[in-house]
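Residues per chain are reported as follows:
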Amino acid sequence: MNKRIVPGLLLTAILTVLFFSSCTKQTEKKEAQSKDYSVALFIPGVVAGSPTYEMMVRGAKKAISEIPNGKIKVIEGGYNQGEWLEKLTVIAASREYDLIVSTNPAMPAISAEVSKQFPQQKFFLLDGFLEGNNSIYTFRYNQKEQGFLGGYFAGLVTTSTMEGANKDLKIGLIAGQEYPDMMQAILPGFKAGAAAANTNISVDFRVVGNWYDAEKARSLAASIYDSGADIILTIAGGANQGVITAGRNLGKYVLMYDVSSYDDAPGIIAGSTIIRQEKAAYEKIKEAIAGKMKFGSADIADVKGGWVSFDNKHPLYQKNIPQDVKDKLQEMLNRFESGTLSLKMPVYLGK
Ligand code: RBF
């Protein structure tokens, strides 16, 4: 063959390949942009009043609103926990959703059960932990560190000269129900944090028995306050309102978890730990849409990573909390943020 023709043919071949591959890439890009992506948000309970559920809904809606053909459906599972498996099975069986998103430590076990029947269904579960199921990705918070920050702050308040604080070294924690994350991470973290403020502090722990009975929570809180506690951490979903009412009635303090809501009860809500659940839902769902979710793996998000913190920037916190308490809490936050201090989460299948 003529020596001059060979490079010419080669060039034509390369250009042809480049042309077609760029066409394919553009088609792929167009497909990705116009691809339908549908998400079912399964709420294990009801949205209103439950901080982690509200944040998940906001983050997921934002992620889906950013793609042209995104669809999202919020399905409330209700308070009867015995019905969740069946309700989730129905959603998976419909084969309508690319991704089922949910949040709480009971959801990994329930989703794994559904996954046996519908292995093609993908799940993204916040606030829960499960490794090794290729259809499920979990993203859990280090609630030991979160509980610790809450306990340390409550300990500083009960040992302070604040108006609503008495001489007794007592603090309280009210939970919706007993579950492994509560008993093995949050409560032990809370106790350890309180002990870091003063080793003589005792923790009065009570359980509502559900996530909605505000009247029961109010009466439990009143009895904890009457026994000498000046601050209660409330983790009881819709029932949190009852703890706030008791605090208001008796001039005592409430500590919130997950979302700071100082404005709901100025002077009564003294502090709040926070988690970046809205950001997690948003970023991770975007990852799933891009085909990059790490199904089969489980992440734990902590204070150092910026996912768990304490809202000490709010004007009401800044105004109502004495300077020495603010300084000590900031010091403790710095230790976690820099990694000088960190707490390990227990490993188990949360239920
Ligand atoms: N937290 C809520 O705020 N509202 C709820 O309805 C609720 N239901 C739960 C049900 C089960 C079975 C479990 C294990 C936890 C539930 N939680 C609920 C707790 C929630 O997942 C989380 O642990 C706490 O909100 C602390 O971050």
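Residues numbered from 1 in each chain as written. Predicted model: local features only at pLDDT ≥ 70, side-chain atom pairs only at ≥ 80, totals over all residues. Heavy atoms only, no water.

K.L.:
Sorry if this is basic, but what is going on with the pattern of salt bridges here?
P.N.:
Pairing between side chains becomes possible if they bear opposite charge and their charged atoms approach one another. Following the criterion strictly, the structure yields 10 salt bridges and no others. Salt-bridge contacts for E283 lead to K279; the nearest nitrogen and oxygen are separated by 3.2 Å. One end of the pair, E283, and the other, K279, are both in helix 9 (residues 277-289), 4 residues apart, so they sit about a helical turn from each other. Between K284 and E287 there is a salt bridge, with the nearest N and O atoms lying 3.4 Å from each other. Taken as a pair, K284 and E287 lie in helix 9 at a separation of 3 residues, close to a single helical turn. Judged by relative accessible area, which is 24%, E287 ranks as partly exposed. (Salt bridge = Lys/Arg side-chain N within 4 Å of Asp/Glu carboxyl O. Helix = DSSP H or I, 4+ residues; strand = E, 2+ residues; numbered from the N terminus. Buried < 20%, exposed > 50% of the residue type's maximum accessible area, 1.4 Å probe, protein only.)

K.L.:
What exactly am I supposed to notice about the sheet that holds strand 10 (residues 269-275) here?
P.N.:
Think of a sheet as strands paired side by side through backbone hydrogen bonds, with each pair either parallel or antiparallel. Taken in spatial order, the 6 strands line up as 7-6-8-9-10-12 in an open sheet, and their pairing is mixed. On the outer flanks of this sheet lie strand 7 (202-207) and strand 12 (308-310), each paired with one strand and no other. Taken over all neighbouring pairs, the strand axes of this sheet differ in orientation by 20 degrees on average, direction set aside. Running over the sheet, helix 7 (residues 214-226) touches strand 6 (170-175), strand 7, strand 8 (231-235) and strand 9 (253-256) and is turned about 160 degrees from strand 7. (Pairing = 2+ DSSP bridges. Axes fitted to C-alpha atoms, helices over the stretch in contact; angles between N-to-C directions. Contact = heavy atoms within 4.5 Å.)

K.L.:
Which parts of the structure should I look at to understand the side chain of S135?
P.N.:
Tracing the backbone through its elements, the reader meets S135 in the loop between strand 4 (122-126) and strand 5 (136-141). Within the structure, the side chain of S135 is placed 2.9 Å from the backbone oxygen of P119, a separation counted as a polar contact. Leaving out residues up to four positions away in the same chain, S135 has contacts with S115, P119, Q121, K122, F123 and F295. (Polar contact = N/O pair within 3.5 Å; in protein donor to acceptor, adjacent residues only side chain to side chain.)

K.L.:
What should I look at first to understand the layout of surface pockets in this one?
P.N.:
Size it by volume and the largest pocket reaches roughly 830 Å³. Lining the largest pocket we find 43 residues, and of these T52, Y53, N104, Y179 and W211 sit closest to its centre. Counting only elements with at least two residues in the lining of the largest pocket, the list comes to helix 2 (51-65), helix 3 (84-93), helix 4 (107-117), helix 5 (143-158), strand 8 and helix 8 (240-250). Considering every element that reaches the lining of the largest pocket, the biggest residue donor is helix 2, with 4 residues. Considered class by class, the residues forming the lining of the largest pocket number 22 nonpolar, 15 polar and 6 charged. Counting only domains with at least three residues in the lining of the largest pocket, you end up with domain 1 (33-141 + 278-301) and domain 2 (143-275 + 321-338). (1 Å grid on protein atoms, 1.4 Å probe; cavity = no way out; pocket = protein on both sides within 12 Å on 5 of 7 lines; lining within 4 Å. Points joined across faces, edges and corners; volume = space filled by probe spheres on them. Nonpolar A, V, L, I, M, F, W, Y, C, P; charged D, E, K, R; others polar. Domains from an automatic or database assignment.)

K.L.:
Explain the confidence of the model for the protein to me, please; I cannot follow it from the model alone.
P.N.:
Detailed reading of predicted coordinates is not advised where the pLDDT is low. Confidence along the protein averages 92 in pLDDT terms, with 89% of residues attaining 70 or more. Mean pLDDT in the protein bottoms out at helix 1 (residues 5-34), which sits at 48, and peaks at strand 3 (residues 99-103), which reaches 99. Note on residues 14-20: pLDDT under 50 across the span, and 0 contacts to partners over four residues away in sequence or across chains. (pLDDT = per-residue confidence, 0-100.)

K.L.:
Explanation requested: helix 7 in the structure shown.
P.N.:
Given 3.6 residues per helical turn, the α-helix brings residues three or four places apart onto the same face. For helix 7, which comprises 13 residues, the first-to-last C-alpha distance of 18 Å matches the rise-based estimate of 18 Å (1.5 Å per residue) to within 8%. Buried within helix 7 we find A217, L220, A221, A222, I224 and Y225. Buried residues belonging to helix 7 abut strand 6, strand 7, strand 8, helix 8 and strand 9. For helix 7, the side-chain oxygen to backbone nitrogen distance between the N-cap and E215 is 3.3 Å, and the N-cap itself is D213. Downstream of helix 7 by a residue or two, G228 has a phi angle that is positive, lying close to 115 degrees. (Expected span 1.5 Å × (residues − 1).)

K.L.:
Could you clarify how one ought to interpret helix 3 in this entry?
P.N.:
For helix 3, the complete set of buried residues consists of W84, L88, T89, I91 and A92. The arc that holds every buried residue of helix 3, seen down its axis, measures 160 degrees, which confines them to one face. In this structure, helix 3 carries E86 and V90 as exposed residues pointing more than 90 degrees from its buried face. Looking at the packing, one finds that the buried side of helix 3 touches strand 1 (37-43), strand 2 (70-76), strand 3, helix 4 and strand 4. Downstream of helix 3 by one or two residues, R95 has phi in the positive range, about 50 degrees. (Arc of directions from axis to C-beta.)

K.L.:
What is the right way to read the site of the ligand from this model?
P.N.:
The environment of the ligand is made up of 18 residues, and the closest members are S50, Y53, D127, Y179 and D258. Y53 is positioned such that a nitrogen or oxygen atom in its side chain is 3.1 Å from a nitrogen atom of the ligand. One of the side-chain N or O atoms of D127 is found 2.9 Å from an oxygen atom in the ligand. In isolation the ligand offers 540 Å² of accessible surface; the protein chains occlude 98% of this area. Its atoms largely coinciding with the cavity grid, the ligand occupies the largest pocket. Residues that form the shell around the ligand fall into these classes: 10 nonpolar, 6 polar and 2 charged. A domain split of the shell around the ligand shows at least three residues from each of domain 1 (33-141 + 278-301) and domain 2 (143-275 + 321-338). (Near = heavy atom within 4 Å. Areas by Shrake-Rupley, 256 points an atom, 1.4 Å probe, with all protein chains shown as cover. Sits in = over half its atoms within 2 Å of the grid points.)

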